[in-house]
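Observations on the three-dimensional arrangement
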Amino acid sequence: MEKLSIFVETYGCQMNEYDSDRIINSLSANPVKDPSDADIIIVNTCAIREKADHKAVSAVGKYKKLKIKNPNLIIGMAGCVAQLYGKKLIKQIPHLDFVIGPREIPKLRDLVFDIKESASHRKINTSMDVEEVFQISPYHETGKVNGFVSIQQGCNKKCAYCIVPTVRGSEINRPLKEILEESRLLINQGAKELTYIGQTVNSWKYEGERFYNLLDYLQELDGLERIRFTTSFPRDITSKMINSMKNNTKVCRQLHLPVQSGSNRILKLMKRAYSIEWYKDSIERLRDAMPDLSLSTDIIIGFSDESSKDFEETMQLIEDIKFDTIYSFKYSIRPGTSGELMDSHVNEDIALNRLHKLQSRQREISLENNLKQINKRYKVLVESETKNNPNEFFGRTSQNKAVYIKNIDKKSIGEIINITKTEAFQNSFIGEPT
Ligand code: 5AD
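This is a predicted model, so every value here is computed, not measured. (Residues numbered from 1 in each chain as written. Predicted model: local features only at pLDDT ≥ 70, side-chain atom pairs only at ≥ 80, totals over all residues. Heavy atoms only, no water.)

1. Focus on the overall build of the protein chain
Going by this rule: We count a stretch as a helix when DSSP gives it H or I for four or more residues in a row; a strand needs E for two or more, and each element gets its number in order from the N terminus. The globule rule is 2.2 Å times the number of residues to the power 0.38, and the radius of gyration it is compared with is taken over C-alpha atoms. The buried label goes to any residue with under 20% of its type's maximum accessible area, the exposed label to any with over 50%, and the partly exposed label to all in between, with areas taken from a 1.4 Å probe on protein chains only.
Helix and strand counts for the protein chain come out as 14 helices and 21 strands. Relative to the globule expectation of 22 Å for 434 residues, the C-alpha radius of gyration of the protein chain, 22 Å, shows essentially globular dimensions. Referenced to the eigenvectors of the C-alpha coordinate spread, the extents of the protein chain come out at roughly 60 × 60 × 45 Å. Per-residue burial for the protein chain yields a buried fraction of 55% across its 434 residues.

Written out as structure tokens, the structure reads:
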């Protein structure tokens, strides 16, 4: 197959970002910034909430005119919406050439080849029964400072609201050897910081090795400066994991730990498998071990039967923990989940009001946390020059805080430098090299 130019539009989580890079590599394609320069356009979609899946269909819609101009253009939909609706999408969107589910990416090359050979065939690949789910490594732009490595596909938890097990299948853990090989590949291409990803990343286990051992192996990788991982599952925070994080010189002081609700009653309805007491105790142990640990979480507002008392317990939780960031969402009923069968759905306006109340208090907390860091020194890994501001650079602290820095030069990209934070905002800082 000649080298194709590809444009991939990505929605959703880091797993999708990673899959998009695998899509580029699987076709040995040349990524382009403008869709009208592409031979193939793929929209990689997210189905986590209803709004996200509507977005996917309209995203594909906007490429229709390019297809009219260039009938050889191939348009595909990948990701979780493709998996969820499969054939229906092919019927509904006449200019769509194929849909491909997350587990089928290793078969993409053959599929595109088939389409090119027989222009009239439209393809649906949404099997879950694929052995080599990890086979293709991601495309990595040479010199890019950070990258992702998937260590786990799918999910075995049964959270009542969540569509992930339906569209990404049950949990498959990646062999240690492959994780290390892919890490080395990215490090050789210039990556200094790698984020290890999985739906419940800290549940990873493979042939007797556990997540806490994996962190030890990763620390040994030459050239790797920083290790991040996401998303952790609260029930799988263990003392061994906490100790391993604490003693690892490369693991960043950042943890994303979705709590979903501050009410035990709602956690039970959600089938989250932990209590709020367990969650708070885990945070306490994590903070005792790593006082500079930054914490973020996910919260769903308005899950079935959430009362104002349940909601107040969630408000109390964010008051008690003082997360740096929360990602909060209004509950959206998803097809095929056990939540779909529950009744007593919360009124939309009430849910929206609660969501706004939560978000507005959290904005204050985030800013209060950040203001406490002014005039303090941090190590920042410089990632890039900012697009709109010449001579300004962007980097992150170990706590994953974004810092904009002047008075350094391009040579600092890829380096860890010392800065002092001089100004704080809700989501970022200004820093001076020191
Ligand atoms: N409705 C709203 N939010 C959801 N999430 C997952 N499923 C739903 C849903 N049905 C949120 C959770 C999860 C994050 C990725 O998306 O908070 O942690």
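Structure shown, so let's carry the discussion forward.
2. Considerations on helix H2 (residues 50-61)
Filter applied, for reference: An expected span of 1.5 Å times one less than the residue number is assigned to each helix. To obtain the arc, one takes the directions from the helix axis to the C-beta atoms. Only heavy atoms matter for contacts: two residues are in contact if any of them lie within 4.5 Å across the pair.
Taking 1.5 Å of rise per residue, 12 residues should cover 16 Å, and H2 covers 17 Å from first to last C-alpha, within 8% of that figure. What H2 keeps buried is the set Ala52, Asp53, Ala56, Ala59 and Val60. Each buried residue of H2 lies within a common arc of 115° when the element is viewed along its axis, so the set occupies one face. Looking at the buried side of H2, the elements it contacts are strand S1 (5-10), strand S3 (40-45), helix H3 (64-69), strand S4 (74-78) and helix H4 (79-85).

3. Some details on the pairing of strand S19 (residues 402-405)
Residues in a regular strand project their side chains so that they alternate between the two faces of the sheet. We apply this condition: For two strands to be treated as a pair, DSSP must find no fewer than two bridges joining them.
In this sheet, S19 lies alongside strand S18 (residues 393-397) in antiparallel orientation, the contact comprising 4 bridges. When the sheet's bridge partners are listed, phenylalanine 394 is paired in S19 with tyrosine 404. The antiparallel pairing of S18 with S19 creates a hairpin that spans 4 residues between the two strands, and asparagine 400 there sits at a positive phi of about 70°. As defined by bridge partners, S19 adjoins strand S21 (residues 428-433) across 4 bridges and the pair is classed as parallel. Each residue of the ladder has a partner; that of tyrosine 404, found in S21, is isoleucine 430.

4. Quick word on the sheet that holds S18
Our working rule: Axis definition: a line fitted to C-alpha atoms, limited for helices to the stretch in contact. Angles are taken between N-to-C directions and run from 0 to 180 degrees.
Strand order in the closed barrel made by the 5 strands is S17-S18-S19-S21-S20, with mixed pairing throughout. Along the sheet, successive strands turn relative to each other by an average axial angle of 50°, direction set aside.

5. Concerning helix H10 (residues 239-247)
For H10, the complete set of buried residues consists of Met241, Ile242, Ser244 and Met245. The buried residues of H10 occupy an angular sector of 165° when projected down its axis, which confines them to one face. Opposite the buried face of H10, at more than 90 degrees from it, the exposed residues are Lys240 and Asn247. Of the surrounding secondary structure, the elements contacted by the buried residues of H10 are helix H9 (211-219), strand S13 (226-230), strand S14 (254-256) and helix H12 (276-289).

6. A word on the packing of aromatic side chains
Test applied: A pair of Phe, Tyr and Trp rings is counted when the ring centres sit within 6.5 Å of each other, with Trp represented by its six-membered ring. The angle between the planes then sorts it: under 30 degrees is stacked, over 60 is edge-to-face, the rest tilted.
Tallied over the full model, the rule gives 8 aromatic pairs. Ring centres of phenylalanine 233 and tyrosine 274 lie 6.1 Å apart, and the angle between their planes is 70°; this geometry places the pair in the edge-to-face category. Remark: tyrosine 274 occurs in the loop between helix H11 (264-270) and H12 and phenylalanine 233 occurs in the loop between S13 and H10; sequence separation between them is 41 residues. Side by side, phenylalanine 233 and tyrosine 274 carry an identical accessibility label, which is buried. A ring pair is formed by phenylalanine 394 and tyrosine 404, whose centres lie 5.3 Å apart and whose planes are at 55°; its orientation type is tilted.

7. Things to note about the side chain of asparagine 44
Formally: We define a polar contact as two N or O atoms separated by no more than 3.5 Å, with the added condition that, inside protein, one atom must be a possible hydrogen donor and the other a possible acceptor, whereas residues neighbouring each other in sequence contribute only through side-chain atom pairs.
Of note, asparagine 44 is situated in strand S3. A distance of 3.3 Å separates a polar side-chain atom of asparagine 44 from the backbone nitrogen of glycine 79. Aside from chain neighbours lying at most four places away, what touches asparagine 44 is Val8, Glu9, Thr10, Tyr11, Asn16, Asp19, Ser20, Ile23, Ala78 and Gly79.

8. Some remarks on the side chain of histidine 256
Topologically, histidine 256 is positioned in strand S14. For histidine 256, the residues in contact, after removing those within four places along its chain, are Thr230, Thr231, Ser232, Ser296, Thr297, Asp298 and Tyr327.

9. Some details on the sheet that holds S3
The 6 strands lie next to each other as S2-S1-S3-S4-S5-S6, forming an open sheet whose pairing is parallel. Lying at the two open borders of the sheet, with one neighbouring strand each, are strand S2 (30-31) and strand S6 (123-125). In terms of strand pairing, strand S5 (residues 98-100) meets S6 through 3 bridges, oriented parallel. Bridging across to S6, valine 99 finds its partner in isoleucine 124. Its contacts with the sheet place helix H1 (residues 14-26) against S1, S2, S3 and S4, and it is angled at close to 170° to S1.

10. Let's talk about the site of the ligand
Spelled out, the test is: Throughout, the term near means that a residue has one or more heavy atoms lying within 4 Å of the molecule or strand in question. Each accessible area is a Shrake-Rupley estimate made with a 1.4 Å probe; only the visible protein chains count as cover when residues are assessed.
Around the ligand sit Ile48, Arg49, Tyr161, Gln260, Asp298, Ile300, Phe329, Lys330, Tyr331, Ser332 and Arg334, and those are all the residues in its vicinity. Contact distances for the ligand include 2.6 Å between an oxygen atom and a side-chain N or O atom of aspartate 298. Between the ligand and serine 332 there is a distance of 2.7 Å, counted from a nitrogen atom to a backbone nitrogen or oxygen. About the coverage of the ligand: the protein hides 86% of its 400 Å² of free accessible area.

11. Re the state of the cysteines
What counts here: Cysteine sulfur atoms that pair up within 2.5 Å are treated as a disulfide.
Counted according to the given criterion, the structure contains 0 disulfides. Unpaired in terms of disulfides, cysteine 80 finds its nearest cysteine sulfur in cysteine 46, a separation of 6.4 Å. Left unpaired, cysteine 159 is separated from the closest cysteine sulfur, that of cysteine 162, by 6.1 Å.

12. Some thoughts on unusual backbone geometry
Among all residues save glycine, negative phi is the norm, and among peptide bonds the norm is trans. Residues threonine 230 and threonine 231 are joined by a peptide bond in cis, for which omega reads 5°. Relative to the assigned elements, threonine 231 resides in the loop between S13 and H10. In this structure, lysine 322 takes a positive phi of about 55° despite not being glycine. Relative to the elements of secondary structure, lysine 322 occurs in the loop between helix H13 (308-321) and strand S16 (325-330). Positive phi, normally seen in glycine, also occurs at asparagine 407, with a value near 60°. In this fold, asparagine 407 is placed in the loop between S19 and strand S20 (416-424).

13. Regarding the nonpolar core
The condition that has to hold: Put simply, a nonpolar core is a bunch of buried Ala, Val, Leu, Ile, Met, Phe, Trp, Tyr and Cys residues held in one set by side-chain atoms that sit within 4.5 Å of each other.
Core analysis: the largest hydrophobic core is formed by 51 residues, its most contacted members being Tyr196, Phe211, Phe229, Met245, Leu255 and Leu286. Dropping the residues within four chain positions of it, phenylalanine 211 is found in contact with Ile151, Val201, Asn202, Trp204, Phe229 and Met241. Listed in part, the 27 residues of the second largest apolar core include Ala38, Cys46, Tyr63 and Ala82.

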